[in-house]
Number of protein chains: 2
Amino acid sequence: MGMKKVAIMGLGLIGASIALAMRKRNLCSEISGFGRTKANLIRAKRKKIIDSFSLDPAAASMDSDIVILATPVGYFTDILSRIRGTLKRGAIVTDVGSVKGGIVDALESETPDGVFFVGAHPIAGSERSGIDFASADLFRDALCILTPTENTDTASLKTIESLWKKIGAKVMKFSPHEHDGIFSSVSHMPHVAAYALVSSVDEINPEYMSFAGQGFKDATRIALSSPEMWVDICRFNKDNIAHHLDVLIQNLNTVKRFLKKNDFESLGEYFSRAKKSRESLE
Amino acid sequence: MGMKKVAIMGLGLIGASIALAMRKRNLCSEISGFGRTKANLIRAKRKKIIDSFSLDPAAASMDSDIVILATPVGYFTDILSRIRGTLKRGAIVTDVGSVKGGIVDALESETPDGVFFVGAHPIAGSERSGIDFASADLFRDALCILTPTENTDTASLKTIESLWKKIGAKVMKFSPHEHDGIFSSVSHMPHVAAYALVSSVDEINPEYMSFAGQGFKDATRIALSSPEMWVDICRFNKDNIAHHLDVLIQNLNTVKRFLKKNDFESLGEYFSRAKKSRESLE
């Protein structure tokens, strides 16, 4: 790829894993890091995840060929507005945000002439966050969605696609709008539902929580995810999430109706259909 | 304990695991099995999980000192009505059902004079069912809830408590009513919600399912559970489950309200409280 320098803006699980993955495969000569917390940046440097860092995003990204936005999505546009004046001509700005629609719009209009933006969303990570869980193989066989628009530079798109493939990911392309509908349904709404499920048990009786078995633990593991990150995702994909919460509420009301009517035959068919769909997953 | 013969009515994951656990600790001289499917009983005998079997529940349970109801709960009262005339005097009938209230009432009134009923619910098992997953150690460190009532014979309660402790479980006692409220909230309602979550994605767009990541897989793993078993549980605990579905729906509406009002501060507090509650679990 011939890239010289990469800047990673945000050294959490994803940002640090990208750094480790690129280093392992010799895809860059130098990695600089930006972050909000100096202690985390020092830790990242000690672990040799990054070569240098700055608390000033412009300083961290200057001279970089690729700038990867990997903070919580709420910071992306602010960071780009602070670095746009000092970015190298020909640099590619990309991101790893779990929401795309409004974010891609905002980042595209903030991208200066001579710099190219490519939206990306690697489907990796879990409820565990932070550099301590980072791994050079986090993206192996993971899916990475690229979200090109009519404004996307073709060569830059190819560069970013190639980068993700080299660190092990399978790449698919969707419009930002379609991306947000898909991930609201299989990720964002279910995360919100998991927080609501835990809150419901708390509301019924906080002492009951200790009787939860493995099923409840699995079902609510995603409620251990970072509230800050999920508030950002809700902020930027709220229409889809609200709509999909409505679909879930309607489904819960369907079940309630079966119960009230003692219609256990329909309930059994409903459960069986859901089981069959779920079986397609693993 | 001096027990001679145990009958296990239903050789699924739980029934077969009890048999293996009792054998491993020499808690009985002989185990007979009843089931609806001859092939499964033959398999259980070949695997030496049981010594003998019958497709006739009366034949399988005759002369037994302890009769354990381990079929789906919907069959319990029918089985007891078919064996009540031939049970040995002094026998203890117990069960492993996930619901207790109405079931314990029905089983107590079906229990003949000179025979004693003790309700039990081991919190073990998972979405995997059947004898192939059975294990002598399934109940090690698991919780087993006993649900004595004013009709429960004290000596029989002690015998069943001792049995569960010997096969590794920790025993707690609740009234059938209290048991059902607890397990509706942390198990039954969440199972129903998992089926509804899968159905919601299917309704939004069945093709989106393939983009589900580990979070969704974990959150909906319990939707792989046996529909037959869960319909039975819904049938026998429907008032609690319907009430707790209402609590969940209200919580989902609370989140929707935060989204509509752009009240991301309250949303963050809501997520943070839920995360903190969930952290108490593991």
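Scroll up for the structure.
Residues numbered from 1 in each chain as written. Chains lettered and ligands numbered in written order. Predicted model: local features only at pLDDT ≥ 70, side-chain atom pairs only at ≥ 80, totals over all residues. Heavy atoms only, no water.

(A) Representation of the overall build of chain A within the structure. Regarding its fold elements, chain A presents 11 helices and nine strands. In summary, chain A has a C-alpha radius of gyration of 21 Å against a globular reference of 19 Å for 282 residues, a match within 12%. With the principal axes as the frame, chain A shows a C-alpha extent of 70 × 40 × 30 Å. Evaluated residue by residue, chain A yields a buried proportion of 58% over its 282 residues. When contacts within chain A are restricted to residue pairs at least 6 apart in sequence, those whose partners lie at least 24 apart make up 72%. Surface summary for chain A: the accessible area is close to 11,300 Å², and the carbon and sulfur share equals 47%. Each charge class in chain A can be summarised by its mean position, and for the 36 positive and 33 negative side chains these summaries are 6 Å apart. (Helix = DSSP H or I, 4+ residues; strand = E, 2+ residues; numbered from the N terminus. Rg over C-alpha atoms; globule rule 2.2 N^0.38 Å. Buried < 20%, exposed > 50% of the residue type's maximum accessible area, 1.4 Å probe, protein only. Contact = heavy atoms within 4.5 Å. Areas by Shrake-Rupley, 256 points an atom, 1.4 Å probe, with all protein chains shown as cover. Lys, Arg positive; Asp, Glu negative; His and termini not counted. Charge placed at Lys NZ, Arg CZ, Asp CG, Glu CD.)

(B) Examining the environment of W164 of chain B more closely. Turning to its location among the elements, W164 of chain B is positioned in helix 6 (residues 154-166). According to the relative accessible area criterion, W164 of chain B is buried, its value standing at 3%.

(C) Expanded view of empty space enclosed by the protein. Counted by the stated rule, this structure contains one cavity of 30 Å³ or more. In this structure, the largest cavity spans a volume of roughly 120 Å³. Surrounding the largest cavity, P190, A193, A194, L197, A219 and L248 of chain A together with P190, A193, A194, L197, A219 and L248 of chain B form its lining. Of all the secondary structure elements, the ones that give two or more residues to the lining of the largest cavity are helix 7 (176-204) of chain A together with helix 7 (176-204) of chain B. Of the residues belonging to the lining of the largest cavity, the class tally is 12 nonpolar, no polar and no charged. (1 Å grid on protein atoms, 1.4 Å probe; cavity = no way out; pocket = protein on both sides within 12 Å on 5 of 7 lines; lining within 4 Å. Points joined across faces, edges and corners; volume = space filled by probe spheres on them. Nonpolar A, V, L, I, M, F, W, Y, C, P; charged D, E, K, R; others polar.)

(D) A look at the interface of chain B and chain A. Chain B puts 75 residues into the contact, and the matching count from chain A is 75 residues. Contact with chain A buries area across many residues of chain B, yet F211, F271 and R278 of chain B alone supply 11% of it, more than any other trio. Applying the counting criterion to the chain B and chain A interface returns four salt bridges. Note that D246 of chain B is salt-bridged to K256 of chain A, the shortest N-O span being 2.5 Å. There are 20 residue pairs in polar contact (both at pLDDT 80 or more) connecting chain B and chain A. Among the elements of the structure, strand 8 (143-146), helix 7, helix 8 (214-219), helix 9 (227-236), helix 10 (238-260) and helix 11 (264-279) of chain B are those that each provide at least two residues to the side of chain B that touches chain A. Considered class by class, the residues forming the side of chain B that touches chain A number 45 nonpolar, 16 polar and 14 charged. (Buried area = accessible area lost by both parts, 1.4 Å probe. Salt bridge = Lys/Arg side-chain N within 4 Å of Asp/Glu carboxyl O. Polar contact = N/O pair within 3.5 Å; in protein donor to acceptor, adjacent residues only side chain to side chain.)

(E) Region of interest: the sheet that holds strand 8 of chain B. Residues and elements named next belong to chain B. Read from one edge to the other, the open sheet built from three strands follows the order 7-8-9, with strand pairing classed as mixed. Edge positions in the open sheet fall to strand 7 (120-123) and strand 9 (170-173), since each of these has one partner strand only. Strand after strand, the sheet turns through a mean of 25° between neighbouring axes, direction not considered. (Pairing = 2+ DSSP bridges. Axes fitted to C-alpha atoms, helices over the stretch in contact; angles between N-to-C directions.)

(F) Up close: the relation of the copies chain B and chain A. Relative to chain A, chain B is turned by 180° and slid 0.0 Å along the rotation axis, the superposed coordinates differing by an RMSD of 0.0 Å. The relationship between the two copies is best expressed as a two-fold rotation axis. Relative to the rotation axis, the closest C-alpha in chain B is found at A219 of chain B, a distance of 1.8 Å. In this assembly the copies share their binding face: 100% of the residues contributing to the interface of chain B also contribute to that of chain A. (Least-squares fit on C-alpha atoms with pLDDT ≥ 70 in both.)

(G) Layout of the pattern of salt bridges. As enumerated under the stated definition, the model contains 36 salt bridges over all chains in all. Residue E228 of chain A is joined to R36 of chain A by a salt bridge in which the shortest nitrogen-to-oxygen separation is 3.2 Å. One end of the pair, E228 of chain A, is in helix 9 (residues 227-236); the other, R36 of chain A, is in the loop between strand 2 (30-34) and helix 2 (38-46), and 192 residues separate them in sequence. Since its relative accessible area comes to 39%, E228 of chain A is described here as partly exposed. A salt bridge links E110 of chain B to R84 of chain B; the shortest N-O distance between them is 3.6 Å. Remark: R84 of chain B occurs in the loop between helix 4 (76-83) and strand 5 (92-95) and E110 of chain B occurs in helix 5 (residues 101-110); sequence separation between them is 26 residues. Taking the relative accessible area as the measure of exposure, R84 of chain B reaches 33% and is therefore partly exposed. Connected through shared salt-bridge partners, K24, R25, D137 and R140 of chain A make up one network.

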